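Now for the letters of each chain:
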Amino acid sequence: MKQLIFFFILCIAIFRVAAQTTICITTDKTSSLVFPSPILHVDRGAKAILVQGIKDAPHVLLVKAAAKNFSETNLSVVTIDGTVYSFAVRYLSQPEEQVYHVAVKKNSPLQNYATGILDNPQTIKGIRDSKWDMVAEVTGIYIQSDVLYFQLHLTNNSPIDFEPELIRLFIRDRKKANRTAVQEQELSPLLITANPGVIKAMTSHTLVIAVQKFTIPDAKQMLMQLMEKNGGRHLQLKITNKKLMQSILLQDYTDKGNSIP
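Residues numbered from 1 in each chain as written. Predicted model: local features only at pLDDT ≥ 70, side-chain atom pairs only at ≥ 80, totals over all residues. Heavy atoms only, no water.

**Concerning the overall build of the protein chain**
Looking only at helices and strands, the protein chain has 2 helices and 19 strands in total. Within the protein chain, the fraction of its 261 residues that count as buried is 46%. Residue pairs at least 24 apart in sequence account for 68% of intrachain contacts in the protein chain once pairs closer than 6 positions are excluded. Accessible area of the protein chain: about 13,500 Å², with a carbon and sulfur share of 50%. (Helix = DSSP H or I, 4+ residues; strand = E, 2+ residues; numbered from the N terminus. Buried < 20%, exposed > 50% of the residue type's maximum accessible area, 1.4 Å probe, protein only. Contact = heavy atoms within 4.5 Å. Areas by Shrake-Rupley, 256 points an atom, 1.4 Å probe, with all protein chains shown as cover.)

Below, the structure is given as structure tokens:
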């Protein structure tokens, strides 16, 4: 799937769904479900639920009531990593929450690998950018089967909190020829883990982004852009095929105790 992806959606609200089974919706307000992976399929239990995906944000599902006081029903969502999420849906005239951050289900293979990588020491250097005391650095690249995992470390050395608005990940020509349109190949994530919401002043945070395996053609490079909401500290990391070839191979493991190196 090649399309413009704004895949790292970070909202001011920090409510997260750990054991979420029920959501409340109304007719005159839209609720948002933010999933850890792009949405593949949605099934409504009744026509009283209106749902809409977002082309440029495949992790987000907008939900609204088509009628008032409908009987409780259900909503099922399947994400691209094969995980099924199920919710009970109720009508409430004034819902307390409008943004639901859906937590990754435990024991998902993608989640297990990503979690195991989070605290790994730095294994690769040279992929770094900084602006006004905000630093972004890819500290590790891993591969297992057909999935690449990027370990991204963010450090805020400034006295001002940093709120990411979006991250873009795409492949583009290193140099633009005169009068030639720039060709971009967007990369859709399979998983983003350890979403910090806001990176507080004088703190750091590590997250892992899982992407379908790929290589970078000659004369092209991969760009990872991190944009600040209502700010100017926009960061851009450049990754070449040479760096991808330094990926560390992760061993197969199961949930029965085998560890990730």
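**Regarding the pairing of strand S8 (residues 84-91)**
Both strand S2 (residues 22-25) and S8 contribute to a ladder of 4 bridges, which runs parallel. Pairing of Ile25 across the sheet is with Tyr91, part of S8. Looking at chain direction, strand S7 (residues 73-79) and S8 are connected through 6 bridges and run antiparallel. When the sheet's bridge partners are listed, Val78 is paired in S8 with Val84. (Pairing = 2+ DSSP bridges.)

**Brief notes about the side chain of Thr73**
Of note, Thr73 is situated in strand S7. For Thr73, the residues in contact, after removing those within four places along its chain, are Gly45, Ala46, Ile49, Phe87, Ala88 and Val89.

**Things to note about the pattern of salt bridges**
Scanning all chains against the criterion turns up 9 salt bridges. Residue Lys200 pairs with Asp161 through a salt bridge whose shortest N-O separation is 3.5 Å. In this pair, Lys200 is assigned in the loop between strand S15 (189-193) and strand S16 (203-212) and Asp161 in the loop between strand S12 (147-156) and strand S13 (164-173), connecting sequence segments 39 residues apart. On the basis of relative accessible area, Asp161 is assigned to the partly exposed category, the value being 33%. Glu228 is paired through a salt bridge with Arg233; the nearest N and O atoms lie 2.8 Å apart. (Salt bridge = Lys/Arg side-chain N within 4 Å of Asp/Glu carboxyl O.)

**Overview of helix H1 (residues 109-118)**
Summarising burial for H1: 7 of the 10 residues are buried, a large majority. Leu110, Gln111, Asn112, Tyr113, Ala114, Ile117 and Leu118 are the residues of H1 that are buried. Buried residues in H1 make contact with strand S11 (134-144), S12, S15 and S16.

**Considerations on unusual backbone geometry**
Positive phi is not limited to glycine here, since Asn69 has a value of about 55°. Within the element layout of this structure, Asn69 appears in the loop between strand S6 (60-65) and S7. The backbone phi angle of Met202 is positive, close to 60°, even though this residue is not glycine. Mapped onto the elements of the fold, Met202 is located in the loop between S15 and S16.

**Section: the pairing of S15**
The buried fraction of S15 amounts to 5 of the 5 residues, a majority that puts the element mostly inside the structure. In the sheet, S15 pairs with S16 via 4 bridges, with the strands oriented antiparallel. What sits directly across from Ile192, in S16, is Ile209.

**A closer look at the sheet that holds strand S18 (residues 235-239)**
Judged by pairing direction, the sheet is antiparallel, and its 4 strands sit side by side in the order S14-S13-S17-S18 without closing on themselves. A strand with exactly one partner marks an edge of an open sheet, and here the two such strands are strand S14 (184-186) and S18. Each adjacent strand pair in this sheet contributes to an overall mean axis angle of 30°, direction not counted. (Axes fitted to C-alpha atoms, helices over the stretch in contact; angles between N-to-C directions.)

**Looking at the packing of aromatic side chains**
Evaluated as defined, the whole model comprises 4 aromatic pairs. Their ring planes at 70° and their centres at 6.2 Å tell us that Phe35 and Phe87 sit as a pair that is edge-to-face. Placement of Phe35 in the loop between strand S3 (31-34) and strand S4 (39-44) and of Phe87 in strand S8 is noted, with a sequence separation of 52 residues between them. The class for Phe35 is buried, based on a relative accessible area of 3%. (Phe/Tyr/Trp six-rings, centres within 6.5 Å; stacked < 30°, edge-to-face > 60°.)

**Considerations on the environment of Met134**
With respect to the helices, strands and loops of the structure, Met134 is situated in strand S11. The sequence separation of Met134 and Ser204 amounts to 70 residues, and the corresponding C-alpha distance is 9.6 Å.

**Some points on the sheet that holds S2**
Spatially, S2-S8-S7-S4 is the arrangement adopted by the 4 strands of the open sheet, whose pairing is mixed. Each of the sheet's edge strands pairs with one partner strand only, and the pair in question is S2 and S4. Strand-to-strand twist in this sheet, taken as the mean axis angle between neighbours without regard to direction, amounts to 30°.

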